[in-house]
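Listed below, chain by chain, are the residues.
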Amino acid sequence: MLFKGFQLLKLNETVNFMKLRVPAMIFSTLLIIASIVSLAVNQLNWGLDFTGGTLIEVGYEQPANLEAIRAQMESAGYSDAVVQNFGSSQDVLIRLAPREGVKAVEIGDQVMVTLRADGTQVDMRRIEFVGPNVGEELTEQGGLAMLVALICILIYVAMRFEYRFALGSVAALAHDVILTLGLFSFLQLEFDLTVLAAVLAVIGYSLNDTIVVSDRIRENFRKIRKAEPIEVINISLTQTLNRTIITSLTTILVLVALFYKGGALIHGFATALLFGVVIGTYSSVYIASAVGLALGISRDDLIPTEVEKEGEDLEPL
C-alpha cells in the first residue's frame with residue numbers, strides 16, 4: 001500500500017496533446033513511406049528460419065579475424081557465407097545458403113576442414129539446418145499471424161467500444177508493425193522467428209495502451225457532458241499519462257538488460273521490442289486517438305441507447 005496513488009508526474013493542468021496531432025500525423029506518414037520504400041528496395045534480411053540453409057557456430061582460442069575467415073570461406077567456394085561474431089570476439093557464426101544434394105553434416109565437415117587448413121585450433125559448437133520449404137512456410141504463416149491478429153483486434157475493439165476507436169487502434173498497430181519492419185530493413189538486422197515473436201508482442205503491448213486510453217476517453221465522454229471531443233481526449237490522455245510512462249519505463253528497463261546481457265540469440269528480439277515499446281506508446285496517443293477524433297467521435301457515439309420498456313408510457317390505473 002506504500003505506492004498506492006503514486007504519480008511520477010504531478011500535472012495540475014490538462015496537456016494539450018491534440019495540438020500536435022497534425023504534425024505528428026505528417027511525421028508518422030513520412031516514416032511509414034520511408035519504411036515501405038526501404039522494405040521494397042532493401043527488403044528484410046531474412047534469417048535461416050525463413051530462407052533455409054546451414055548455420056554453424058565455431059569457437060576460437062584467440063579473437064577471430066572475420067576478414068580472414070571470409071577469405072577462407074570464399075576460397076573454398078562459399079562466397080555467399082555470412083560470417084559474424086556471436087556473443088564474443090572468439091565465437092563466430094557462419095550462415096550458408098541451402099545447397100541441393102549436400103547434407104548439413106557434410107557441409108559442417110567441409111567448413112571445419114577449411115577453417116583448420118592453416119593450423120588454427122577451431123572447435124565446432126553447433127550446426128543447424130533449415131530446409132527452404134520450411135522457410136517459405138514460416139514466412140507465409142508469420143505474415144498470416146500478423147494479419148489475423150489485426151483483424152481480431154479490429155472486431156474486438158469495435159464490439160467493446162465503437163468502430164471509430166477500432167479503426168484508430170488498427171491504424172496505430174499497423175503503424176507500429178510497419179515502422180518496426182522498416183527499422184530492420186533499413187539497418188539490415190537479421191529477421192528470424194524471435195523477431196517475429198517480438199513484432200507480435202509489440203502488437204499486444206501497443207493494443208494494451210490503446211485500450212486503456214480508449215476506456216478512459218469513453219468514461220470521460222459520459223462524465224464531462226459539455227466539453228468538446230478534443231478537450232475530452234486531452235483530459236483522458238493527461239489522466240493516463242502517469243500510467244503510460246511508468247509502464248513503458250519498467251518495460252524498457254527489462255529490455256535494455258536483455259539487449260546488453262541477453263546474448264546474440266535474443267538481440268534481435270530485444271531490439272524489436274525496445275523500438276516497439278517506444279513507438280507503441282507514441283502511436284496510442286497520436287495515432288489511435290487522433291484517428292478517432294478525425295473520424296468524428298463524439299459523446300453521442302459512446303452513450304448507450306436507452307431502450308424504452310413496454311408499457312412505460314401507459315398511465316397508472
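This text goes with the structure placed above it.
Attention in this report is confined to the structure presented alongside it. (Residues numbered from 1 in each chain as written. Predicted model: local features only at pLDDT ≥ 70, side-chain atom pairs only at ≥ 80, totals over all residues. Heavy atoms only, no water.)

Two strands in a sheet stick together by hydrogen bonds in their backbones, pointing the same way (parallel) or opposite ways (antiparallel). Spatially, the four strands line up as an open sheet ordered β3-β4-β2-β5, and their pairing is antiparallel. Strand pairing shows two members of the sheet lacking a second neighbour, β3 (82-86) and β5 (122-130), which therefore form its edges. The mean inter-strand angle of the sheet, taken between neighbouring strand axes irrespective of direction, is 20°. As paired elements, strand β2 (residues 53-60) and β5 share eight bridges and run antiparallel to each other. Note on β5: the bridge partner recorded for glycine 53 is valine 130. In this fold helix α3 (residues 66-75) packs onto β2, β3 and β4 (88-96), with an angle of close to 150° to the strand it touches most, β3. (Pairing = 2+ DSSP bridges. Helix = DSSP H or I, 4+ residues; strand = E, 2+ residues; numbered from the N terminus. Axes fitted to C-alpha atoms, helices over the stretch in contact; angles between N-to-C directions. Contact = heavy atoms within 4.5 Å.)

This brings us to the pattern of salt bridges. Taken as a whole and judged by the stated rule, the model has nine salt bridges. In this structure, the salt-bridge partner of arginine 95 is glutamate 190, at a minimum N-O distance of 3.6 Å. Here the residue arginine 95 occupies a position in strand β4, and glutamate 190 occupies one in strand β6 (residues 190-191), the gap between them amounting to 95 residues. Residue arginine 95 is classed as buried on the basis of its relative accessible area of 10%. Here glutamate 190 falls in the partly exposed class, since its relative accessible area comes to 24%. Note that arginine 218 and aspartate 215 form a salt bridge whose closest N and O atoms lie 2.9 Å from each other. On the criterion of helical spacing, the pair formed by arginine 218 and aspartate 215 is a turn pair, its members being three residues apart in helix α7 (residues 193-223). Note on arginine 218: relative accessible area 17%, which makes it buried. (Salt bridge = Lys/Arg side-chain N within 4 Å of Asp/Glu carboxyl O. Buried < 20%, exposed > 50% of the residue type's maximum accessible area, 1.4 Å probe, protein only.)

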